[in-house]
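# Report on the structure
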Amino acid sequence: MAEKIIAYRFNRLDQTLSQLNKENCAIIAGGTDVMVMHKSRRGVPPKIPKPIVFIDHLSELKRVYQNQKDLHIGACCTYSELLGNPLIPLVLKKAIKTIAAPAIRNRGTLGGNVCNASPAGDTLPLLYVYNAKLLLRSVKGDRIVPISDFIQGVRRIQREPNEILAEIILPSALEEGAHVVFEKVGNRNADAIAKVGFAGYIRLNGYVIEDVRFVFGAVGPTMVRSVDMEKMLLGKTVPLVDSEIAQVVASFDKIINPIDDQRSTAIYRKTVGLNLLRYFLSMNQYLND
Ligand SMILES: Cc1cc2nc3c(=O)[nH]c(=O)nc-3n(C[C@H](O)[C@H](O)[C@H](O)COP(=O)(O)OP(=O)(O)OC[C@H]3O[C@@H](n4cnc5c(N)ncnc54)[C@H](O)[C@@H]3O)c2cc1C
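Residues numbered from 1 in each chain as written. Predicted model: local features only at pLDDT ≥ 70, side-chain atom pairs only at ≥ 80, totals over all residues. Heavy atoms only, no water.

## Some details on the environment of Phe10
Tracing the backbone through its elements, the reader meets Phe10 in the loop between strand S1 (7-8) and helix H1 (13-22). Along the chain, Phe10 and Cys76 lie 66 residues apart, while their C-alpha atoms are 15 Å from each other. Aside from chain neighbours lying at most four places away, what touches Phe10 is Gln15, Thr16, Gln19, His57 and Leu58. (Helix = DSSP H or I, 4+ residues; strand = E, 2+ residues; numbered from the N terminus. Contact = heavy atoms within 4.5 Å.)

## Topic: the pairing of strand S10 (residues 164-170)
Of all 7 residues in S10, 7 are buried; the element is thus mostly enclosed. Sheet topology places strand S5 (residues 70-74) next to S10; 4 bridges connect them, and they run antiparallel. Bridge pairing in S10 places His72 opposite Ile169. (Buried < 20%, exposed > 50% of the residue type's maximum accessible area, 1.4 Å probe, protein only. Pairing = 2+ DSSP bridges.)

## Structural notes on the site of the ligand
Around the ligand, the surrounding shell holds 31 residues, and the nearest of these are Ile27, Thr32, Asp33, Tyr79 and Thr109. Contact distances for the ligand include 2.7 Å between an oxygen atom and a backbone N or O atom of Ile27. Between the ligand and the protein, one listed contact pairs an oxygen atom with a backbone N or O atom of Gly31 at 2.8 Å. For the ligand, whose unbound accessible area comes to 980 Å², protein coverage reaches 86%. (Near = heavy atom within 4 Å. Polar contact = N/O pair within 3.5 Å; in protein donor to acceptor, adjacent residues only side chain to side chain. Areas by Shrake-Rupley, 256 points an atom, 1.4 Å probe, with all protein chains shown as cover.)

## Focus: the domain arrangement of the chain
Think of interface size as the accessible area that goes away when the parts come together; that is how it is often given. Under the domain assignment, the chain is made up of domain 1 (7-54 + 62-170) and domain 2 (178-287). Relative to domain 2, the C-alpha centre of domain 1 lies at a distance of 25 Å. Between domain 1 and domain 2, the residue contacts involve 23 residues of the former and 26 residues of the latter. Carbon and sulfur atoms supply 65% of the area buried between domain 1 and domain 2, which totals about 1,800 Å² over both sides. The three residues of domain 1 that bury the most area against domain 2 are Pro119, Pro125 and Val129, which together make up 30% of that side's buried surface. Applying the counting rule to domain 1 against domain 2 returns 2 salt bridges. The tally of links from domain 1 across to domain 2 stands at 8 residue pairs in polar contact (both at pLDDT 80 or more). (Domains from an automatic or database assignment. Buried area = accessible area lost by both parts, 1.4 Å probe. Salt bridge = Lys/Arg side-chain N within 4 Å of Asp/Glu carboxyl O.)

Following this line, the structure appears as structure tokens:
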């Protein structure tokens, strides 16, 4: 006989937060990571060692809105909902379309991708180049944390047991004049876990680089970014000369340390990652826009 589990599904966010404050529970949004993580034998329900609390239906966690220049995305918006939302940048939609298949996109949420903190989480490189901030809510109030502080390693996040990720805030997603790219290399165009992910962001003033950011996914325990390297490129003119590109690529050759696993080899990941960086830094494509 299947073991009994305790599950909560409150109508409101405040009730959910109050339960989380009383009892350490496993949060389930879409469940597409949780159910896989706790799966048992065929035909046997997953074993989750804590009471569970469902949050996917909470309307407070499903809003998408613009506040001044910031884009706020409710953590429990599913990928399919985001694909249908006109406020979501096209490049984020491009990333979402590479995730799983429609059935998973109908359940999986952006907040779940962040809190699962997988090195291969497909939205993460883009959220990092957008300098995403995370709004965490508990009975004690709200706090805002940069995504790069929140994600600390493979499936390690800086969340208190009584907190829920309420919103993902993108400060620069709606600004004009920035070029943002996303590339994912997997076994096929969608429904494949990334071997390498890459996102790049560049804003020019004429030919001068005013802001630039680039991030690799799936080549380390968490996203790989070098703010120092980005600073070094500020004020340079595009197209960059070959020696400037070679210098950045050589630094990342040292920083990127991928692993061999069932999906790819370390050497393939590194070669492809550096090629994507070289392609991004060539930047000629932006000059024709
Ligand atoms: C067949 C299949 C294919 C997949 N393909 C891809 C893919 O191509 N790319 C990819 O990136 N991922 C993929 N995934 C993984 C998964 O679908 C995504 O990571 C998805 O975004 C997880 O969202 P969720 O709502 O289902 O998370 P859940 O499984 O509900 O939760 C994931 C984790 O986050 C926590 N959590 C969720 N929401 C919150 C919140 N608001 N506040 C606090 N904690 C929270 C949960 O407690 C749990 O620890 C795939 C999964 C499956 C099963």
